[in-house]
Amino acid sequence: MTLVSEKQAIVNRILNFSCVDGPGNRLVIFLQGCNFKCINCHNPYTINHCDHCGDCVAGCPTQALSINEQNKVVWDESLCTQCDQCLDVCPSSSSPKVKHYTVSDVLALIRKQHFFLSGITISGGEATMQLPFIVELFKAIKADQELRHLTCFIDSNGYLPETGWQRVLPYLDGAMIDLKSWQNETHQWLVGRDNHRVIQSIQILAAAGKLHELRLLHIPGKSDLDQEVDAISRLIKSLSNEVKIRLNAFQHHGVVGEALTWDKCSKDQMEAFHQTLQAKVSNPITLPSVYI
C-alpha cells in the first residue's frame, strides 16, 4: 500500500538501460517539466505540463487519447503507436503521454533489473524541478541493502539553488551539468534565464566532489563558448582533473521553430573547438560520436 506522504514524480519516459547517461549501464528516468525554455531544445515536449486543452485528442489515429468526465486528457498506452502526432500539435510544449510514479513504484522497477545496472540517473526536462521525489528515491536506494551498490546521478541544467543541492548531496554520487553559454546576456537569450546559478552549481558540486561531467554546447554563431575559451578554461582548471568535459554539437534533431534555421555544428567546427580547449586544460574531453 502506498503511503499518503510518499513522493510521486511526473515521468515522461524511462530507459531501462543506457550507457550514455553517466558511468556504466544505467536506468534513466526522464521527468516532465523544465525551468528553461531553450530555443534549441531537442525535447521541447518535456518543458511544460499538459494543461488538458484537448487539442491533441481529435488527431490521434488510434484513439489512444480521450477526455474524461473531469475534462482531463487521458492516455491509453495500450492503444498508442508512439506516432508522436500529439507532440507535434501540442501548443504548450508538453506531452499527454506521462505517468505518475511513486518512490515505491520506481524501487520495484529497479529491483527487477538491479543485477544488470551500475546506477540510476534522473534527467528531464529538468530533473531538479521534482527534487523532493529525487531526494526520497536516492535516500531509499542508499538505505536498501539490495540496491545500495547503485550510484545515484542527476543530469541537470544547473539552475538548482545551493539550498537544493545541500538537500540531495548526502545521497548523490554524481551530477552532469550543462553550460550552454558563458556570457550572461547570451545565456539569457538562449534559455530565458541567467547563467550565474549554473556556474555556482558547477562550483558547489565540484567542491563536494560530486561533479562527474561538465557539458559544453557549441552552436556556431549563436552560443559563445568557442569565443570564450580562456574563460571556460579558467573554470575547468578550478575543477578536479577527474571531471569529464563533454562537447555537444548543435543539430536539428527534435528542434522546432527558429532554431531549425540555425547552422548545424559540423565535425570540423567541433574539432577546432576541441583542439583550442584541450590545449588549455588537462581534463579528459569527449567529442560527439555522431553528427546528425
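All of these numbers come straight from a predicted model, not from anything done at the bench. (Residues numbered from 1 in each chain as written. Predicted model: local features only at pLDDT ≥ 70, side-chain atom pairs only at ≥ 80, totals over all residues. Heavy atoms only, no water.)

Draft legend 1. Quick look at unusual backbone geometry. Geometrically, the link from Gly-124 to Gly-125 is a cis peptide bond, its omega value of 20 degrees lying close to zero. The residue Gly-125 is located in the loop between strand E6 (119-123) and helix H3 (131-143) in this model. Positive phi, close to 60 degrees, is recorded for Gln-82, a residue that is not glycine. Mapping Gln-82 onto the fold places it in the loop between strand E4 (73-75) and helix H1 (85-89). One non-glycine residue, Ser-93, adopts positive backbone phi at about 55 degrees. On the secondary structure map, Ser-93 appears in the loop between H1 and strand E5 (99-102). (Helix = DSSP H or I, 4+ residues; strand = E, 2+ residues; numbered from the N terminus.)

Draft legend 2. Region of interest: the nonpolar core. The biggest cluster of nonpolar side chains holds 72 residues, and the ones touching the most others in it are Leu-137, Phe-138, Ile-141, Leu-216 and Leu-277. Among the elements that line this core, the one with the most residues is H3, at seven residues. Among residues more than four places away in sequence, those in contact with Leu-277 are Leu-216, Val-229, Ile-232, Ser-233, Ile-236, Ile-245, Leu-247 and Ile-285. By size, the runner-up hydrophobic cluster in this structure holds nine residues, among which are Val-57, Ala-64, Trp-75 and Leu-87. (Core = buried A, V, L, I, M, F, W, Y, C linked by side-chain atoms within 4.5 Å. Buried < 20%, exposed > 50% of the residue type's maximum accessible area, 1.4 Å probe, protein only. Contact = heavy atoms within 4.5 Å.)

Draft legend 3. Focus on the pattern of salt bridges. One pass over the full model with this rule turns up 10 salt bridges. Note that Lys-7 is salt-bridged to Glu-136, the shortest N-O span being 3.7 Å. Taken together, the residues Lys-7 in the segment before strand E1 (8-18) and Glu-136 in helix H3 connect sequence positions 129 residues apart. Overall, the relative accessible area of 25% leaves Glu-136 in the partly exposed class. Between Asp-84 and Lys-97 there is a salt bridge whose closest N-O contact spans 2.6 Å. (Salt bridge = Lys/Arg side-chain N within 4 Å of Asp/Glu carboxyl O.)

Draft legend 4. Spotlight on the pairing of strand E9 (residues 211-218). Among the eight residues that make up E9, eight are buried, leaving the element largely enclosed by the rest of the structure. Strand direction decides the pairing type here: strand E8 (residues 174-179) and E9, joined by five bridges, are parallel. Following the sheet pairing, Ala-175 is matched in E9 by Leu-211. One ladder, built from six bridges, connects E9 with strand E10 (residues 244-249); its direction is parallel. Bridge assignment links Arg-215 to a residue of E10, and that residue is Arg-246. With respect to chirality, the unit in which E9 leads through helix H7 (residues 229-237) into the neighbouring parallel E10 is right-handed. (Pairing = 2+ DSSP bridges. Right-handed = clockwise from strand over helix to strand, strands pointing away.)

Draft legend 5. Structural detail: a nonpolar patch on the surface. The grouping of Phe-17, Phe-115 and Phe-116 at the surface amounts to a nonpolar patch, some 400 Å² of accessible area in total. Inspection of the secondary structure assignment puts Phe-116 in the loop between helix H2 (103-113) and E6. A relative accessible area of 55% means that Phe-116 is categorised as exposed. (Patch = residues over 30% accessible without salt bridge, like charges linked within 9 Å, V, L, I, M, F, W, Y side chains within 5 Å. Areas by Shrake-Rupley, 256 points an atom, 1.4 Å probe, with all protein chains shown as cover.)

Draft legend 6. Broad picture of the UniProt feature "domain: Radical SAM core" (unreviewed entry) in the chain. Within the UniProt annotation, "domain: Radical SAM core" (unreviewed entry) is assigned to residues 20-284. Taken as a whole, residues 20-284 contains 29% helix and 18% strand, while its terminal C-alpha atoms sit 16 Å from one another. (UniProt positions renumbered as here; feature names shortened; annotations may be inferred.)

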